[in-house]
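Reading the structure
Spelled out from the first residue to the last, the chains are:
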Amino acid sequence: MNIVIRKCLLAAVLTVLAAFLTTGCATEHRFIKKTAFKDTNQIVIEFAGPVDEAWAKNPSHYSVYEKPDPDIKLKIQTITLSPDRKTVALTFADPLNQNQPHVLTATGITSEGKSLGTAILSVKKVYLGYLFSILIGAMIINNFVFTKYLGLCVFFGTSQKKSTAVGMGITFTIVIVVSAMMAWFLYQFVLRPYRLNFLQIVVFIGLVSLSVQAVDTILRKVNPMLFKAFGVYLVLVIANCIIIAVPLILADNEYNALESLMLALGAGLGFLIALFLMSSVRERLELARVPPTYRGLPIAFVVAGLFALAFLGFSGMSIF
Amino acid sequence: MDPALIKMALGGLAVLGCIGLFFGIGLALAAHKFAVKANPKVEEVLEVLAGAQ
């Protein structure tokens, strides 16, 4: 009986969590069905019912900006309303950068003379593709080690052997996903509502050490073999600056839960890739005839620079 | 001082204190639940050894 109740409770908690994760904190309006990009310079809004023409045709009722810069409003050239008065197409003077989500504010929507309030909508490209582009972006195109030079001390410390490198990479990926999800939750539901954004660094550092400690305690009991394999790296994760960079980035960009998950996963896998590549090269360097002054760390830095140059080839790439 | 700022600071203290307390209790419970029995003799032997390294 007890077990059944426990299972029900667990299921309820999981459903609530899943609901949170899928909805995020989007501020959608119930009268608006869909927003999407069209062509190179159009945004189409689909309403649930007919809107008034006088309201729809007035450009001062709309304001649109690209996500990171709320001060730069995009200039609307023409507005067209479909014959059934359910879809509005905004045409802009300049082409839109469709890789960035845009925020559209429609003030005082009126339908059949009734005011329906203001809607703040985000316009995004097809969602799965967008998530995938965040993942690949964090993993390869903006690899944290090779293009942002973060987490170098752990990177050079643990890339001497392939086995330790892979162990560190996997541990790191697990911890970063756990701590980034907690950081997202706290940021969205505690720090932002209470206007405590300025404390984010302190809170995120605490969260990182918390998740490392929790993984340490739980793994020690649940899977001692894995714990032994991770060894000292688990504690070393705290000293890695990628793990603090990811929560700050996702707080800055106001990512929702899935986007944050993808960013954290991409950062972790990117670090794993970087460590694996570096350790393969360093294992071979052991056999190479390196001049004595360059042996050890100096040649490793030179190799890392070469890798960074190679990764520069991905820069500016856009997916989808 | 602006009373709004003082209110925000006190609210921040309270909120962060609650979070800290919550996670602290959570970690303590986890440590209790997932406690691993360590052999006390290991500690004793380590105590007797020189332990320079």
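This report concerns the structure included in the present document.

The rules behind these values
Residues numbered from 1 in each chain as written. Chains lettered and ligands numbered in written order. Predicted model: local features only at pLDDT ≥ 70, side-chain atom pairs only at ≥ 80, totals over all residues. Heavy atoms only, no water. Helix = DSSP H or I, 4+ residues; strand = E, 2+ residues; numbered from the N terminus. Buried < 20%, exposed > 50% of the residue type's maximum accessible area, 1.4 Å probe, protein only. Contact = heavy atoms within 4.5 Å. Areas by Shrake-Rupley, 256 points an atom, 1.4 Å probe, with all protein chains shown as cover. Core = buried A, V, L, I, M, F, W, Y, C linked by side-chain atoms within 4.5 Å. Axes fitted to C-alpha atoms, helices over the stretch in contact; angles between N-to-C directions. Parallel < 35°, antiparallel > 145°, perpendicular 65-115°, else oblique. Left-handed = near helix turned anticlockwise from the far one by under 90°. Nonpolar A, V, L, I, M, F, W, Y, C, P; charged D, E, K, R; others polar. Salt bridge = Lys/Arg side-chain N within 4 Å of Asp/Glu carboxyl O.

This brings us to the overall build of chain A. Of regular secondary structure, chain A possesses eleven helices and nine strands. Counting only C-alpha atoms and orienting by the principal axes, one finds that chain A spans roughly 80 × 60 × 30 Å. Among the 320 residues that make up chain A, the fraction classed as buried is 43%. Counting only contacts in chain A whose residues sit at least 6 apart along the sequence, the fraction spanning at least 24 positions is 70%. Surface summary for chain A: the accessible area is close to 17,000 Å², and the carbon and sulfur share equals 65%.

With that out of the way, let us pick up the nonpolar core. All names here are of chain A. Within the largest apolar cluster, 50 residues are counted, with the highest numbers of intra-cluster contacts made by Phe-146, Phe-155, Ile-176, Ile-242, Val-246, Phe-271 and Met-278. Setting aside residues no more than four positions away along its own chain, Ile-176 makes contact with Ile-242, Ile-243, Val-246, Ala-264, Ala-267 and Gly-268. Ranked by size, the runner-up nonpolar core spans 24 residues in total, among them Ile-43, Ile-45, Leu-96 and Ala-119.

Residues other than glycine predominantly adopt negative phi, and peptide bonds predominantly adopt the trans conformation. Residues and elements named next belong to chain A. The phi torsion at Arg-85 lies on the positive side, around 60 degrees, for a residue other than glycine. Mapped onto the fold, Arg-85 is located in the loop between strand S4 (76-81) and strand S5 (87-92). The exposure class of Arg-85 is partly exposed, given its relative accessible area of 27%. In this structure, Tyr-149 takes a positive phi of about 55 degrees despite not being glycine. By secondary structure assignment, the location of Tyr-149 is in the loop between helix H3 (127-141) and helix H4 (152-157). By relative accessible area, Tyr-149 is classed as exposed at 54%.

Turning our attention to the packing of helix H10 (residues 257-285) of chain A against helix H11 (residues 297-312) of chain A. Residues and elements named next belong to chain A. One can describe the packing of H10 onto H11 by two numbers: an axis separation of 11 Å at closest approach and a directional angle of 135 degrees. In terms of orientation, H10 lies oblique with respect to H11. The hand of the H10/H11 crossing is right-handed. Facing Leu-277, Met-278, Val-281, Arg-282 and Leu-285 of H10, the residues of H11 in contact are Leu-297, Ile-299, Ala-300, Val-303, Ala-304, Phe-307 and Phe-311. Its residues assigned to classes, the contact of H10 with H11 comprises eleven nonpolar, no polar and one charged.

This paragraph deals with the pattern of salt bridges. Residues and elements named next belong to chain A. In this structure the tally under the stated criterion is two salt bridges over all chains. The partner of Glu-254 in a salt bridge is Arg-192, with the nearest N and O atoms 2.3 Å apart. Residue Glu-254 is found in the loop between helix H9 (242-252) and H10, and its partner Arg-192 is found in the loop between helix H5 (162-191) and helix H6 (200-222); the two are separated by 62 residues along the sequence. Take Glu-254: its relative accessible area is 28%, and that puts it in the partly exposed class.

None of this, on its own, says anything about what the molecule does.
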